[in-house]
There are 2 protein chains.
Amino acid sequence: MAKHDPDLSLLFHALADPTRRSILTRLAETPARVTDLAGPTGLRLPTVMRHLSVLEQAGLIATSKDGRIRTCAIVPEALDPVRTWLDEQRAIWEARLDRLDAFVMNVMKESVE
Amino acid sequence: MAKHDPDLSLLFHALADPTRRSILTRLAETPARVTDLAGPTGLRLPTVMRHLSVLEQAGLIATSKDGRIRTCAIVPEALDPVRTWLDEQRAIWEARLDRLDAFVMNVMKESVE
DNA sequence: ATCATGCTTAGCCATGTCGCTAACTATCGC
DNA sequence: GCGATAGTTAGCGACATGGCTAAGCATGAT
C-alpha cells in the first residue's frame, strides 16, 4: 500500500517551505556558500543551516567543505521520486475522471454556499 | 522572486504526510465517505477529519454533505501547480547540469568520508 | 420518541518546526 | 599569534502538527 515511503515524505516536507524552495532555485543558478544563501533570505546563519540540512537529508542538495567554506549544490535527480509519484497519481486520477466528473460537478454547485 | 507562494506550500505540506497520500490514492479509486476513509488508516475519525481538511484547504479534494454523510473526492487538476513547479525546476536544473557535473563529482568523492 | 449512525467540535498531550541569540570551533590573512 | 571570517553547536520560545478522548449535534431507521 506504499504506506511507508519516508523518501517522499522527506522530499515533500523539504519542498513545503518557501525559504527552502527559494534556496533551491538560487542553487539552480550556481553552487553557493552558506553565507551567500543566507543573504537573500534575511535569515540568520543557524536558521539557514537548518534549512540546508533539511534539504540535504531529503537528498535535494549536496554539500562539501573546502577549508572553512561549505559549498552547496543541487542534486538534480533528487526530484525524480516526486515526479514519478506525480505521474502515477495523474495516471490513476485521470483513469477515473469519467466516473468522477458528474460528482465533481455536483460539489461545485454545492460548495458555492 | 516567487517568495510568496502559499499554494505550493500548502500543496507540498499536504502531500508530505503518508496518511494523506494514502487517502488520496484511495480516493483516486472512487469517492468515499469519511468513515470509509478512516477504516484503512486505523486512525480515529477526528484525526482523519483533520487530514481531510488539510487536503481540502490545499484544494486536493472536494467534499459535499448529503444528509449526515460527507462524501470526498479528488480534484485532479489540483496537482497542476506542483507539476508546473517541478517542470520549471527541472528546466533550470538541467540547463546548468554541465556546470554542476564536475562539482557534484567532487562532492561524491568527499562525502564518503 | 428513541436509538444508532455519521460526523463535528473542543480540548488535551507529545512532539516537531522555525525563528532567534550566544558561544564555540576552525580557518585565513597579516 | 591575532583578529577577522565562515561555519557550527546548544538551547530557548512561540507556534504548528498529529494523535487521542469526550461530548455534542444531525439524520435515518424503528
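Quick caveat, the model's predicted, so the values are computed rather than measured.

Caption draft 1: Representation of the overall build of chain A. Tallying secondary structure elements over chain A gives six helices and three strands in all. Ordered by position in the sequence, the α and β elements of chain A form the string α-α-β-α-α-β-β-α-α. Across the 113 residues of chain A, 43% fall into the buried class. Across chain A, contacts joining residues at least 24 apart in sequence account for 53% of those joining residues at least 6 apart.

Caption draft 2: View of the protein's contact with DNA strand D. Near DNA strand D lie 21 residues; those nearest to it are Thr35, Met49, Arg68 and Arg70 of chain A together with His51 of chain B. When atoms of DNA strand D within 4 Å of the protein are sorted by moiety, sugar and phosphate together comprise 74%. Between DNA strand D and the protein, one listed contact pairs a base oxygen with a side-chain N or O atom of Arg68 of chain A at 2.5 Å. Separating a phosphate oxygen of DNA strand D from a backbone N or O atom of Arg44 of chain B is a distance of 3.1 Å. Counting only elements with at least two residues in the surface near DNA strand D, the list comes to helix H3 (34-41), helix H4 (45-57) and strand S3 (69-74) of chain A together with helix H4 (45-57) of chain B.

Caption draft 3: Region of the structure containing the pairing of strand S2 (residues 61-66) of chain B. All names here are of chain B. Here six bridges tie S2 to strand S3 (residues 69-74), and the two strands are oriented antiparallel to one another. Each residue of the ladder has a partner; that of Thr63, found in S3, is Cys72. Hairpin geometry of S2 and S3 is characterised by an intervening segment of two residues between the two adjacent antiparallel strands and by a positive phi of about 65° at Gly67.

Caption draft 4: View of helix H2 (residues 18-29) of chain B. Relative to the 16 Å expected for twelve residues at 1.5 Å per residue, H2 of chain B spans 17 Å between its end C-alpha atoms, a close match to the ideal helical length. At the N-terminal end of H2 of chain B, a side-chain oxygen is found 2.7 Å from the backbone nitrogen of Thr19 of chain B, two or three residues along, and the residue is Asp17 of chain B.

Caption draft 5: Representation of the packing of aromatic side chains. Tallied over the entire structure, the rule returns three aromatic pairs over all chains. Relative to Phe12 of chain B, the ring of Phe12 of chain A lies with its centre 6.1 Å away and its plane at 35°, an arrangement referred to as tilted. Residue Phe12 of chain A is located in helix H1 (residues 6-15), and its partner Phe12 of chain B is located in helix H1 (residues 6-15); the two belong to separate chains. An angle of 80° between the planes, with centres 5.6 Å apart, marks the rings of Phe12 of chain B and Trp85 of chain B as edge-to-face. Highlighted residues: Phe12 of chain B in helix H1 and Trp85 of chain B in helix H5 (residues 80-95), separated in sequence by 73 residues. Among the residues examined, Phe12 of chain B registers a relative accessible area of 0% and is labelled buried. Chaining the aromatic ring pairs together yields one cluster made of Phe12 and Trp85 of chain A together with Phe12 and Trp85 of chain B.

Caption draft 6: Structural view of the protein's contact with DNA strand C. Close contacts around DNA strand C come from 21 residues, with His51 of chain A together with Thr35, Met49, Arg68 and Arg70 of chain B the closest. Near the protein, within 4 Å, the atoms of DNA strand C are sugar or phosphate in 71% of cases. Separating a phosphate oxygen of DNA strand C from a backbone N or O atom of Arg44 of chain A is a distance of 3.1 Å. A distance of 2.2 Å separates a phosphate oxygen of DNA strand C from a polar side-chain atom of His51 of chain A. Taken together, the elements giving at least two residues each to the surface near DNA strand C come down to H4 of chain A together with helix H3 (34-41), H4 and S3 of chain B.

Caption draft 7: The arrangement of the sheet that holds S2 of chain B in detail. All names here are of chain B. Across the sheet, three strands lie side by side as S1-S3-S2; this open sheet has antiparallel pairing. The open sheet is flanked by strand S1 (32-33) and S2, the only strands paired with a single partner. The sheet contact formed by S1 and S3 spans two bridges and is antiparallel. Opposite Ala32, over in S3, you have Cys72 as the bridge partner.

Caption draft 8: A look at the side chain of Gln89 of chain A. Among the structural elements, Gln89 of chain A can be located in helix H5 (residues 80-95). Contacts of Gln89 of chain A, omitting those with residues within four sequence positions, involve Thr25 and Leu79 of chain B.

Caption draft 9: Up close: the nonpolar core. In this structure, Leu24, Leu52 and Leu60 of chain A together with Leu24, Leu52 and Leu60 of chain B are the most contacted members of the largest nonpolar core, which totals 60 residues. In this view, Leu52 of chain A contacts Ile23, Val34, Leu37, Ile61 and Cys72 of chain A; residues no more than four positions away in its chain are not counted.

Caption draft 10: Region of the structure containing H4 of chain A. Residue and element names in this part refer to chain A. The first and last C-alpha atoms of H4 sit 18 Å apart over 13 residues, in line with the 18 Å expected at 1.5 Å per residue. All of the buried residues in H4 are Val48, His51, Leu52 and Leu55. Viewed along the axis of H4, the buried residues span an arc of 100°, placing them on a single side of the element. Residues of H4 that are exposed and point more than 90 degrees away from the buried face comprise Pro46, Arg50 and Gln57.

The rules we used
Residues numbered from 1 in each chain as written. Chains lettered and ligands numbered in written order. Predicted model: local features only at pLDDT ≥ 70, side-chain atom pairs only at ≥ 80, totals over all residues. Heavy atoms only, no water. Helix = DSSP H or I, 4+ residues; strand = E, 2+ residues; numbered from the N terminus. Buried < 20%, exposed > 50% of the residue type's maximum accessible area, 1.4 Å probe, protein only. Contact = heavy atoms within 4.5 Å. Near = heavy atom within 4 Å. Polar contact = N/O pair within 3.5 Å; in protein donor to acceptor, adjacent residues only side chain to side chain. Pairing = 2+ DSSP bridges. Expected span 1.5 Å × (residues − 1). Phe/Tyr/Trp six-rings, centres within 6.5 Å; stacked < 30°, edge-to-face > 60°. Core = buried A, V, L, I, M, F, W, Y, C linked by side-chain atoms within 4.5 Å. Arc of directions from axis to C-beta.

What is shown is where atoms sit, not what they do.
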